[in-house]
Amino acid sequence: MDLYQSHRKEMIGIALALAAVGAGTAYYFYLHRKPKGCLDSENFVEFKLVKRTQLSHNVASFKFALPTPNSVLGLPIGQHMSCRGKDAAGDEVVKAYTPTTLDSDIGYFELVIKMYPQGRMSHHFRELKEGDYLAVKGPKGRFKYEPGQVRAFGMLAGGTGITPMFQVARAILENPKDKTKISLIYANVTYDDILLKDQLDGLARTYPDQFSVYYVLNQPPESWDGGVGFVSQEMIQAHCPAPAPDVKVLRCGPPPMNKAMAAHLQALGYTPAMQFQF
């Protein structure tokens, strides 16, 4: 009987140990399994606007709820998505936007939108109210980022072209294992046109050894201590990493700016492999 009980206890112990291992394994996969994103690359999916915050006379942030509080959007770093709406004439319009949020921001995503007087999609966002839905499709884009793929990024942004730069910068800086350095030059017409300035300045304060931002204004205020005019070769030389195989300069802005920046970079010795235009 003692032998039977001893053997029974041993078997129970093994069963409990196996159960514990199984539970631990399941818990590990639960913690480390990447949640499935909510985006669909083939079909538009609608998301509810839960908060609209006016940031200036023509800029607002739009916060959209995902299906559950634990859902993630599923947008790879540096990629964008197509948003569908209607213009002032009631015709359908589709335009690409990059959220300012990451998949670490669970349960929602945010867009910061500058609404132009004649912009067709701008009209849709001007009319969008809390409780309305936005149709979105994605992800889209050629940019693929992996931590540590370069030693340093230079970033040349103009106007609303800051949004993909901000997304990439956040992803790098909020990853303790990613030591990539970022040097951003951000150009606008006036001081009030600068988007995400508080957030960018916050990143510069929090990560002073890894992130820097240099603002350039075409029409600066009197007490302005940043760049003046258009982004020049001299500004790029002073504020961006020098050309090297482990350096890449990202560009995103209005077409005339992108064209001018490409010419500046070529003249400074940045090869096509060292550049990327969103």
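Thresholds, definitions, all that
Along every chain, residues carry numbers that run from 1 in the direction the sequence is written. Thresholds applied to this predicted model are a pLDDT of at least 70 for local features of residues and 80 or more for the giving and counting of side-chain atom pairs; totals over whole chains, interfaces and linings are not thresholded and use all residues. Hydrogens and water molecules were not included; the side-chain quantities draw on all heavy atoms of the structure. Strands are runs of DSSP state E lasting at least 2 residues, helices are runs of H or I lasting at least 4, and numbering of each runs from the N terminus. Burial classes: relative accessible area under 20% of the type maximum marks a residue as buried, over 50% as exposed, and values in between as partly exposed (1.4 Å probe, protein chains only). Reported accessibility uses the Shrake-Rupley method at a 1.4 Å probe radius. Residues are deemed covered only where the shown protein chains occlude them. In this description, a nonpolar core means a group of buried Ala, Val, Leu, Ile, Met, Phe, Trp, Tyr and Cys residues linked to one another through side-chain atoms lying within 4.5 Å. Between two residues, a contact is recorded if the distance between any of their heavy atoms is within 4.5 Å. UniProt positions are given in the numbering used here, feature names are shortened, and annotations may be inferred rather than shown by experiment. Each reported salt bridge corresponds to a side-chain nitrogen of Lys or Arg within 4 Å of a carboxyl oxygen of Asp or Glu.

## What to know about the overall build of the protein
A tally of helices and strands in the protein yields six helices and 12 strands. Looking at the protein as a whole, 44% of its 278 residues are labelled buried. For the protein, the accessible surface area stands at approximately 15400 Å², while carbon and sulfur atoms represent 55% of it.

## With respect to the nonpolar core
Within the largest apolar cluster, 31 residues are counted, with the highest numbers of intra-cluster contacts made by Ile 162, Leu 184, Tyr 186, Leu 200 and Phe 211. When residues no more than four places from it in sequence are discounted, the contact partners of Leu 200 are Ile 162, Phe 166, Leu 184, Tyr 186, Leu 195, Phe 211 and Tyr 215. Residues Cys 38, Leu 49, Leu 73 and Leu 134 belong to the second largest nonpolar core, which totals 23 residues.

## What to know about the UniProt feature "binding site: FAD" (unreviewed entry) in the protein
Taken from the UniProt record, the annotation "binding site: FAD" (unreviewed entry) applies to Tyr 97, Val 112, Lys 114, Met 121, Ser 122 and Thr 163. Mapping Tyr 97 onto the fold places it in strand β4 (residues 92-97). Overall, the relative accessible area of 12% leaves Tyr 97 in the buried class. In contact with Tyr 97, other than residues within four places in its own chain, are His 80, Met 81, Cys 83, Leu 111, Ile 113, Met 121 and Phe 125. With respect to the helices, strands and loops of the structure, Thr 163 is situated in helix α3 (residues 162-173). When sequence neighbours within four positions are dropped, the list of residues in contact with Thr 163 reads Thr 98, Pro 99, Thr 100 and Val 112.

## Topic: the pattern of salt bridges
All told, the structure shown has six salt bridges when counted by the stated rule. In this structure, Lys 114 engages Asp 193 in a salt bridge whose closest nitrogen and oxygen atoms are separated by 3.3 Å. Of the two residues, Lys 114 sits in strand β5 (residues 108-114) while Asp 193 sits in the loop between β8 (181-188) and α4 (197-206), which places them 79 residues apart along the sequence. Relative accessible area serves as the criterion here: at 15%, Lys 114 is assigned to the buried category. Judged by relative accessible area, which is 15%, Asp 193 ranks as buried. The salt bridge involving Asp 246 is made with Arg 151; its shortest N-O contact spans 2.9 Å. Residue Asp 246 is located in the loop between α5 (233-239) and β11 (247-252), and its partner Arg 151 is located in the loop between β6 (133-140) and β7 (152-158); the two are separated by 95 residues in the primary sequence. Given a relative accessible area of 32%, Asp 246 falls into the partly exposed group. Exposure remark for Arg 151: the relative accessible area of 44% places this residue in the partly exposed category.

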